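Examining the three-dimensional arrangement
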Amino acid sequence: MGTFLRAVTDGVLEGGVYGLMAVGLTLIFGVLDIINIAQGIMVVLGAYLTYVLWTHLHIDQFVGLLITIPAMFILGVAVQYLFIRPLRGRERTSMSLLACYAVAIIIEGVLYQIFGSNYVSYTDYWTSPQATVEIGGYYLPYIYLFGFALAVLFVVLIYWMLYRTQFGRSIRATMQDHTAARLIGIDVNRVAALTFGIAVAVTAAGGMVYGTTTAFNPNTGYDLISRLLAIIVLGGMGSIGGALGAAVLMITVESLVDVYWNPQWSVVVFYAVLVLVLVFRPQGMFGRKEARAQ
Amino acid sequence: MTVLLRTEGVSKAFGGVQALDDCTLQVEEGSIAGLIGPNGSGKTTLFNMITGYGRVDSGDVFLNDAKITNFTPDRVFALGIGRTFQLTRVFSRLTVMENMIVAAHTKDRSGHHGDKRTRNPFARAGGPVTRRRAMELLEFTGIAKLAGDRAETLSYGQRKLLELSYVLIAEPEIILLDEPAGGVNPTLIGTISDRIRELNRQGTTFLIVEHNMEFVMGLCDQVTVLDNGNPVVTGPPDVIRNDRRVLDAYLGTAEEDDDAA
Amino acid sequence: MKPAVLWRGGSLVALVAVAAAVPLLNNPLVTNVGVFVLMYVGSAVAWNIFSGFTGYISLGAAVFFGTGVYTTALLTEHLKLNGGAVFATYPLGGLAAAVIAVPFGLIALRVRRHTFVVVTIAFFFIFQLMAYDFSWTGGTLGILGPIVNWDPNTFYNPFYYTALIVAVGSAVLAWAIWGSRFGLQLRAIRDDEDRARGLGVKTMRVKLTAFVISAFPMGILGGLYFFLQGQALPEYAFNPFYDLTLALMSFLGGFGTLSGPIFGALLLEPYLGYAQYQVTNAYVAEVVLGALFLAVIIFLPRGILPTVGEKFTSWRVAWVRRSAGAQAAPAEPAGASPAADAVKTGAAGSGAPGGGSQR
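Residues numbered from 1 in each chain as written. Chains lettered and ligands numbered in written order. Predicted model: local features only at pLDDT ≥ 70, side-chain atom pairs only at ≥ 80, totals over all residues. Heavy atoms only, no water.

Here we take up helix H3 (residues 61-78) of chain C. Counted at 1.5 Å a residue, the expected span for H3 of chain C with its 18 residues is 26 Å, and the 26 Å between its end C-alpha atoms agrees. Trailing H3 of chain C by a residue or two, Lys-80 of chain C shows a phi angle of about 50°, which is positive. (Helix = DSSP H or I, 4+ residues; strand = E, 2+ residues; numbered from the N terminus. Expected span 1.5 Å × (residues − 1).)

Here it is in structure tokens:
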């Protein structure tokens, strides 16, 4: 497979996974109007959970999702209920953001305490050389494919939920207008809590895939959140399709820069793209104008 | 009679909804003009188009025969068009007096009423002339004793008066009032009416959107009825009151307001 | 002059005098902690000049601090400076930070508040990455500062006084801005930016100016930090906790107020500094910081000072009411317009007589 094609494939597949994590983040923004800065460290948490399940209980990553996803869902609901919902007053959204930041550093500190700062990686079937498929001289690891498929699956599930279920309709109504949603009988608090839970649960899957492909430690959370934030800004905050598209686009660009120019600069380019987009199109690709006057 | 403010064929659509449809309107200088119509007829949208809170799809807006279409809100304001909002917009954490000062300082009109405009940004906010003028206006609207209170502590009616006050401090030629009587208790409505009449006597032109028929009919010289984004009839209150088309435009009688604000 | 002003002014002068006297205790540990306390006071006040007044939460202040660190570091390294000369470079660090603030602000301030926060975070990461990746910043090894052989007892004193000057300077600056036309416009932007713009406030210009002004002290303090620590490292120069700490201090003391950030810093930094010495594990300190932050914003959302201030005002009003209630109700001022009466009857729950709290 040509270098170009390989770089693009890598980018798209990896982008899909980032897309999954970004979708959660943008969903939270759309419904609750807050930016969950903790999303990055939660991905790492998901990765660590998967790691623990594997190394101590020998549970395969994909099977482990059956545990990690509900666990992270509960965590998400708990965080929203305990730390976001009680916030009142005019600075609510700013404080929510800072609350998420606080939660993030708490989780990070706890992870450091438990696991230390050493990089962790899985060594199992999925990371072994056999788990690859050969395409034109290039060995594409299964995990990339499965990871991408998983990402697609979840995004499809989320879309299905949003557009085909009653709950999804409640979410979309809440995204439009909290007050109006309340007036038609939607329990906005419940919607908020559940949405947060879903968004965090999704990171369990993202974390699992990420952990399989990359070594990580608690500090990785920063790298992740900064990328995710850039992705949702580029895609347009609140736009799910935008998050996915932007993820694939930016990771692919980064992948190309990595291969054709200089790995050191690929990350800088990533942010440079963000900055450029903001200069010319502040609302991102599919962004809506910020509806709620602050 | 000269025409002060004029729109010509203004149209504006939001997605699939045609909010304004070839809207042509005139406001004579020195008059109090009313704009009524059922909910969704485009009244606030028209205000937004005139004052720059949105771009027209087609058509033009003229102030004293000068085209001001799509001018930004601050330019429109600087040219002498003041505007209040349906849901009052005041600076909540600032005091009433500070609200007045913000509006005063950024206006660049007749210099003889203002303090010397300094280039120094650290100059104290609100020189003595500005403050005196602000207090005069606050006394005029009756909320002078709240001058030191934060705007967020004001009642809804008081906020309406504050908004009117700080729009006034800019000495506009014409003021667009968006539902000045909406949600306000009856005694206060009378006050607002009086104040508008008084200001009009002193030369300010008004264009008022309202649902309260008593208010509009009692105050305005000319009333335009908007229906589905298009003015259907214009005339003095007595004529409008009995016009078939007005009754048709509204669901129910012209006196009742069954689509509550 | 009103007694309130005299009280305030007097206590502030006293505070500064006390602060200036601390190094005379000849206790280097105390002075060392003092340096950090003052650094945070200065930073928090500066941060608040932009974020508190306009309401735009910036999580990229570390960019300014770090720029100051590296500017001083590079100048010191290339010009082979030492001692007092290094101190002379601090204002240049401040200037560099202010210069960086211009393009930073021009890009970041074009977007709304939520996106703004994200953009500041992005800039932070860009700068941190550049510090790690560029060769002229020394990469992961950073830049070493000159060795200094001063008397250990008074080692921290020059740093202390510099930090004190910057802290006081920032506070004075914040105070000057607060009462000025510029400050009023900033605060109006916080309350209703669109309306402010509609009334003619040049919002972009105003926001950018505040942004640049807030960068300057942080840059100076960054330079100070470099010399104090003896090296410039990417993770310390561009430290994500810096912003969170500043935000916490401001919220703790009262976000958007004048004395809030000062109070918050004075309250919090000694603890944080102490914790750093006592708690060998930096990660536990991290967890505690986060937990503390959550506790503050959930239980004391307006911050300590405003909450206390409000309680005080409501006690005072209740006391006035009780003593006034013994007499007949005060007579209406002669010639009050019917409008005022109507307004009173129309008013539902409009502040106690005597008004809400003034600020």
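The interface of chain C with chain A comprises 41 residues on the first partner and 45 residues on the second. A combined buried area of about 3900 Å² lies between chain C and chain A, and 76% of that area is made up of carbon and sulfur atoms. On the surface where chain C and chain A come into contact, there are 0 salt bridges. Where chain C meets chain A, there are 1 residue pair in polar contact (both at pLDDT 80 or more). If you list the elements that add at least two residues to the side of chain C that touches chain A, you get helix H5 (113-133), helix H7 (181-198), helix H10 (240-253) and helix H12 (282-299) of chain C. Per-element tally for the side of chain C that touches chain A: the top contributor is H5 of chain C, with 13 residues. (Contact = heavy atoms within 4.5 Å. Buried area = accessible area lost by both parts, 1.4 Å probe. Salt bridge = Lys/Arg side-chain N within 4 Å of Asp/Glu carboxyl O. Polar contact = N/O pair within 3.5 Å; in protein donor to acceptor, adjacent residues only side chain to side chain.)

This next bit is on the sheet that holds strand S10 (residues 230-235) of chain B. Residues and elements named next belong to chain B. Pairing is mixed in the open sheet, where 6 strands are placed in the order S6-S7-S8-S3-S9-S10. What marks the edges here is a single partner per strand, and that holds for strand S6 (81-83) and S10. Neighbour to neighbour, the strand axes of the sheet diverge by 20° on average, direction disregarded. By the bridge criterion, 3 bridges tie S6 to strand S7 (residues 174-178) in an arrangement that is parallel. Among the inter-strand pairings, Ile-81 is bridged to a residue of S7, identified as Ile-174. Contacting strand S3 (32-36), S7 and strand S8 (205-209), helix H6 (residues 186-201) crosses the sheet at an angle of about 150° to S8. (Pairing = 2+ DSSP bridges. Axes fitted to C-alpha atoms, helices over the stretch in contact; angles between N-to-C directions.)

So, about unusual backbone geometry. Even without being glycine, Asp-33 of chain A reaches a positive phi, approximately 65°. Note on placement: Asp-33 of chain A falls in the loop between helix H1 (3-32) and helix H2 (39-57). Judged by its relative accessible area of 6%, Asp-33 of chain A is buried. Unusually for a residue other than glycine, Glu-179 of chain B sits at a positive phi of about 55°. Here Glu-179 of chain B is to be found in the loop between S7 and H6. (Buried < 20%, exposed > 50% of the residue type's maximum accessible area, 1.4 Å probe, protein only.)

What follows is about the confidence of the model for chain B. All names here are of chain B. Averaged over every residue, the pLDDT of chain B is 84; residues scoring 70 or more account for 89%. Of all the helices and strands in chain B, helix H9 (residues 244-249) carries the lowest mean pLDDT, 76, while S8 carries the highest, 94. In this model residues 253-261 is a low-confidence stretch, pLDDT under 50, and it forms 9 contacts with partners more than four residues away in sequence or in other chains. With a pTM of 0.83, the predicted complex shows an ipTM of 0.81. (pLDDT = per-residue confidence, 0-100.)

As a further point, take the pattern of salt bridges. As enumerated under the stated definition, the model contains 21 salt bridges over all chains in all. Note that Lys-67 of chain B is salt-bridged to Asp-60 of chain B, the shortest N-O span being 3.8 Å. We note a salt bridge from Arg-187 of chain C to Glu-98 of chain B, for which the minimum N-O separation is 3.1 Å. You can see Arg-187 of chain C sitting in helix H7 and its partner Glu-98 of chain B sitting in helix H3 (residues 96-105), one on each of two chains.

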